[in-house]
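Working through the structure, step by step
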Amino acid sequence: QVQLVESGGNLVQAGGSLRLSCAASGTFFNINTMAWYRQAPGKQRELVTTITRDGATNYAMSVKGRLTISRDNATNAVYLQMNSLEPEDTAIYYCYCEARDFDNWVRNYWGQGTQVTVSS
């Protein structure tokens, strides 16, 4: 089992910055892909960015150049640096990971979400 706890969400003005953090804890062999998703009011949850254990990244077109994902494998943490924030970035941001357990099963886990609100 893996528990993911996000932090760092806040209210910020357009053009501002935030840094989200997500810490994974529990019993597992290792964590493979980690990601950030978001869900805006009235919309479906969407993928924002992913990062593999080796550090390869992918971004949604809407956030490229403004948001940066990083991770620390030693502490099983993932981060999202958010710059040049726009009102359209307002959403609940969810941390996600794929973790391998000691029986070699890979399971998906979600955090509880952290609210990011960008005012115009």
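See the structure above.
Conventions adopted
- Residues numbered from 1 in each chain as written.
- Predicted model: local features only at pLDDT ≥ 70, side-chain atom pairs only at ≥ 80, totals over all residues.
- Heavy atoms only, no water.
- Disulfide = S-S within 2.5 Å.
- Helix = DSSP H or I, 4+ residues; strand = E, 2+ residues; numbered from the N terminus.
- Buried < 20%, exposed > 50% of the residue type's maximum accessible area, 1.4 Å probe, protein only.
- Core = buried A, V, L, I, M, F, W, Y, C linked by side-chain atoms within 4.5 Å.
- Pairing = 2+ DSSP bridges.
- Axes fitted to C-alpha atoms, helices over the stretch in contact; angles between N-to-C directions.
- Contact = heavy atoms within 4.5 Å.

1. Notes on the state of the cysteines
- Under the criterion given, the structure shown has one disulfide.
- Note that Cys22 is cross-linked by a disulfide to Cys95, the S-S spacing being 2.1 Å. Across the disulfide from Cys22 to Cys95, rotation about the S-S bond amounts to roughly -85 degrees, and the bridge is consequently left-handed. Of this pair, Cys22 sits in strand S3 (residues 18-26) while Cys95 sits in strand S9 (residues 91-100), and the two are 73 residues apart along the sequence. One exposure class covers both Cys22 and Cys95, and it is buried.

2. Quick notes on the nonpolar core
- Counting residues in each nonpolar core, the largest one holds 29 residues, and the members touching the most others are Trp36, Met82 and Tyr93.
- Mapped by element, the contributors of at least two residues to this core are strand S1 (2-7), S3, strand S4 (30-39), strand S5 (46-51), strand S7 (67-72), strand S8 (77-82), S9 and strand S11 (114-119).
- Among the elements that make up this core, the one with the highest residue count is S9 (five residues).

3. Examining unusual backbone geometry
- Of note, the phi angle at Asn76 is positive, near 55 degrees, even though the residue is not glycine.
- Here Asn76 shows up in the loop between S7 and S8.
- Residue classification places Asn76 among the buried positions, given a relative accessible area of 18%.

4. Let's talk about the sheet that holds S8
- The four strands are arranged S1-S3-S8-S7 in an open sheet whose pairing can be described as antiparallel. Edge strands, defined here as strands with exactly one partner in the open sheet, are S1 and S7. Strand-to-strand twist of the sheet, defined as the mean angle between neighbouring strand axes without regard to direction, takes the value 15 degrees.
- Pairing of S7 with S8, which is carried by six bridges, proceeds in the antiparallel orientation. Bridging from a neighbouring strand, Leu67 pairs with Met82 of S8.

5. Structural notes on the environment of Leu67
- In this structure, Leu67 sits in strand S7.
- Along the chain, Leu67 and Tyr96 lie 29 residues apart, while their C-alpha atoms are 16 Å from each other.
- What Leu67 contacts, discounting residues up to four positions off in sequence, is Val48, Tyr59, Leu80, Gln81, Met82 and Asn83.

6. Regarding the environment of Ala40
- As for its placement among the helices and strands, Ala40 is situated in the loop between S4 and S5.
- For Ala40, a relative accessible area of 19% gives the class buried.
- Taking the C-alpha atoms as reference points, Ala40 and Glu88, 48 residues apart in sequence, are found 8.5 Å from one another.
- Beyond its immediate sequence surroundings of up to four residues, Ala40 is in contact with Thr90 and Ala91.

7. So, the side chain of Thr50
- With respect to the helices and strands, the residue Thr50 is situated in strand S5.
- Its relative accessible area of 17% is what places Thr50 among the buried residues.
- Ignoring sequence-local partners within four residues, the contact set of Thr50 consists of Thr33, Met34, Ala35, Ala56, Thr57, Asn58 and Ile69.

Bear in mind that shape data such as this cannot, by itself, settle questions of function.
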